[in-house]
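Structural characterization, general
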Amino acid sequence: MMVRTWISRCGMALWLGLTASAPAWAADDDAALVARGRDLATAADCMACHTAKGGKPYAGGYAIESPLGTIYSSNITPSTKTGIGNYSEQDFARALREGVRKDGAHLYPAMPYTSYTQLSDEDVKALYAYFMKGVQPVEQPTPATQLPFPFDIRLSMMGWNMLFLDNKRFVPDASKSQEINRGAYLANALAHCGSCHTPRNVLMAEDVGRALGGGRVGPWYAPNISSDPVAGIGGWTDAELVQYLRTGHAAGKGQAGGPMAEAVENSFQHMSESDLHAIVAYLRSTPAVPAAASGAGSASYAQGQAASSEAERRGVDRQTANQTLKSGAALYSGYCASCHQASGAGSGNQAYPSLFHNSATGGETAINLLATIVFGIDREAGGEHVLMPSFGQGSYVNPLTDEQIASIANYVLANYGNAKLTVTPTDVREVRTGGPTPPLAKARPFLVPGGAVAVLAILLLVILAVRRYRRR
């Protein structure tokens, strides 16, 4: 509507034979469009991936550690040399919705164009206005993405897109309320929640049959956020969900770490209250996706209770003894209890959260517990800086071995979380090195010796995709 009004006013100005200088209301409309684009870019969390740590906003160079190799985000400032300053609005829309750069090269779906394809024309226009007029140009080249063969063949993305890219705009569901439709647009098109919270198939595409049912994101696990009351967010109150999105913390439920902490810090905490409530309303309306493992009796946040082994440990070792931190209980006492308390109850204000009634310790997987110990937590949201030190390599506290971290995790699980789970040093090593290797990456050694076979397989994929596309 704003754009149509602007065009009407311009047409009237020309019809009246006014001067070519832009009137004040045109500048106002232009500023409003840029401001709208800034809000959309915030909701889409563009900052998180397109800004390297310590780098300038949107100048790219952020290393995305994908299962197939490191992908570097591009410079999306309006620099004409190293950014997107030469992109037309049509070029911008094609990159955003179809994953194709101005030079015709295909982007990898680490850039969530499979979600952004739902964006409306009006919102694409506003985003373009913001990135061209509201972002400072930065002359900074970014490292080239160099995936190993055959994943470096960007042409293969043409077949992948034909199979998995539904290049359609968002259409409101007439049977749902306006708030739910608004939330669906925010969650699916802009915030691209499914990119992390939906499991992937063997070709690294979202498994739409288990949408929002939880998925692996490198060393972290994006939990089930469907409406399921046990595996998902069905048991959370609206206030708890909004608070979590706003601050990354909901007492007695969970805390945001890893990619979710980035989303809270860069995106959700800056969104309006009405937008957050719309997202919550939409999540409550989604089909329930039950836990992948059968027999889940209670929600992750309902697991565990306060427990302390300090009394049993007293007098076990002499006061002058060395190298006594060997068991999980001793390691927990030495490295964790000072913040999370000997009982696991955390601090009174929950700045140091309770380890029981905590989704990271009570879930069907211990991945986030391990990742939190290895990588720590560092987020600024809700006016607070939440920091838990890393105990991985380079720790300024004390780096722990895979065996030590596994011992601590097993003690925490047995006493405060899902006692049915146990972890091994191998599990810790997998988290430390970026997560499991997907089937597609495992197949690479068989593809490299037979390069011609790999190319033929990619061509076959393209052909199959074309056939499927024509049948639509």
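Residues numbered from 1 in each chain as written. Predicted model: local features only at pLDDT ≥ 70, side-chain atom pairs only at ≥ 80, totals over all residues. Heavy atoms only, no water.

Considerations on the nonpolar core
- Ranked by internal contacts, the top residues of the largest apolar core, which has 74 residues, are Leu119, Phe131 and Phe268.
- Among the elements that line this core, the one with the most residues is helix α6 (residues 121-133), at eight residues.
- Counting 29 residues, the second-largest nonpolar core is a separate cluster that includes Leu355, Leu369, Tyr411 and Leu413. (Core = buried A, V, L, I, M, F, W, Y, C linked by side-chain atoms within 4.5 Å. Buried < 20%, exposed > 50% of the residue type's maximum accessible area, 1.4 Å probe, protein only. Helix = DSSP H or I, 4+ residues; strand = E, 2+ residues; numbered from the N terminus.)

Quick look at the side chain of Gln350
- When you line up the elements, Gln350 lands in the loop between α15 (337-340) and α16 (359-362).
- Polar contacts involving the side chain of Gln350 include one to the main-chain carbonyl oxygen of Ala345, which spans 3.0 Å.
- Each residue touching Gln350, except ones within four places of it in the same chain, is listed here: His249 and Ala345. (Polar contact = N/O pair within 3.5 Å; in protein donor to acceptor, adjacent residues only side chain to side chain. Contact = heavy atoms within 4.5 Å.)

Regarding unusual backbone geometry
- A positive phi is found at Asp45, a non-glycine position, where the angle reads about 60 degrees.
- Relative to the helices and strands, Asp45 resides in the loop between α2 (24-43) and α3 (46-50).
- Positive phi, normally seen in glycine, also occurs at His357, with a value near 50 degrees.
- Tracing the backbone through its elements, the reader meets His357 in the loop between α15 and α16.

Some thoughts on the pairing of strand β1 (residues 63-66)
- Bridge analysis of β1 against strand β2 (residues 69-72) gives four bridges, and the strand direction is antiparallel. Each residue of the ladder has a partner; that of Ser66, found in β2, is Gly69.
- Once β1 ends, the chain turns through two residues before running back antiparallel as β2. (Pairing = 2+ DSSP bridges.)

Overview of helix α4 (residues 89-98)
- All of the buried residues along α4 are Asp91, Phe92, Ala93, Ala95, Leu96 and Arg97.
- On the buried face of α4, the contacting elements are α5 (113-116) and α6.
- Phi turns positive one or two residues past the end of α4, at Gly99, with a value near 70 degrees.

What about the confidence of the model for the protein?
- This prediction gives the protein a mean pLDDT of 87; 84% of its residues lie at or above 70.
- Contacts of residues 1-22 to residues separated by more than four positions or lying in other chains number twelve contacts, the stretch itself having pLDDT below 50. (pLDDT = per-residue confidence, 0-100.)

Some remarks on helix α18 (residues 402-416)
- With 15 residues, α18 ought to run about 21 Å at 1.5 Å a step, and its terminal C-alpha atoms sit 21 Å apart, in line with that.
- Within α18, the full set of buried residues consists of Asp402, Ile405, Ala406, Ile408, Ala409, Tyr411, Val412, Leu413 and Tyr416.
- Against the buried residues of α18 lie α14 (328-335), α16, α17 (367-375) and α19 (425-432). (Expected span 1.5 Å × (residues − 1).)

Brief notes about the pattern of salt bridges
- Going through the model one piece at a time under the given rule, you end up with 15 salt bridges.
- Here Arg182 makes a salt bridge to Asp275, at a shortest N to O gap of 3.4 Å. Taken together, the residues Arg182 in helix α8 (residues 178-190) and Asp275 in helix α12 (residues 273-285) connect sequence positions 93 residues apart.
- Classification of Arg182 as partly exposed rests on a relative accessible area of 28%. (Salt bridge = Lys/Arg side-chain N within 4 Å of Asp/Glu carboxyl O.)

Remarks on the packing of α14 against α18
- Running from N to C, α14 and α18 point in directions that differ by 95 degrees, and their axes come no closer than 8 Å. For the element pair α14 / α18, the angle class is roughly perpendicular. Of the residues in α18, those in contact with Gly328, Ala329, Leu331 and Tyr332 of α14 are Gln404, Ser407, Ile408, Tyr411, Val412 and Tyr416. (Axes fitted to C-alpha atoms, helices over the stretch in contact; angles between N-to-C directions. Parallel < 35°, antiparallel > 145°, perpendicular 65-115°, else oblique.)

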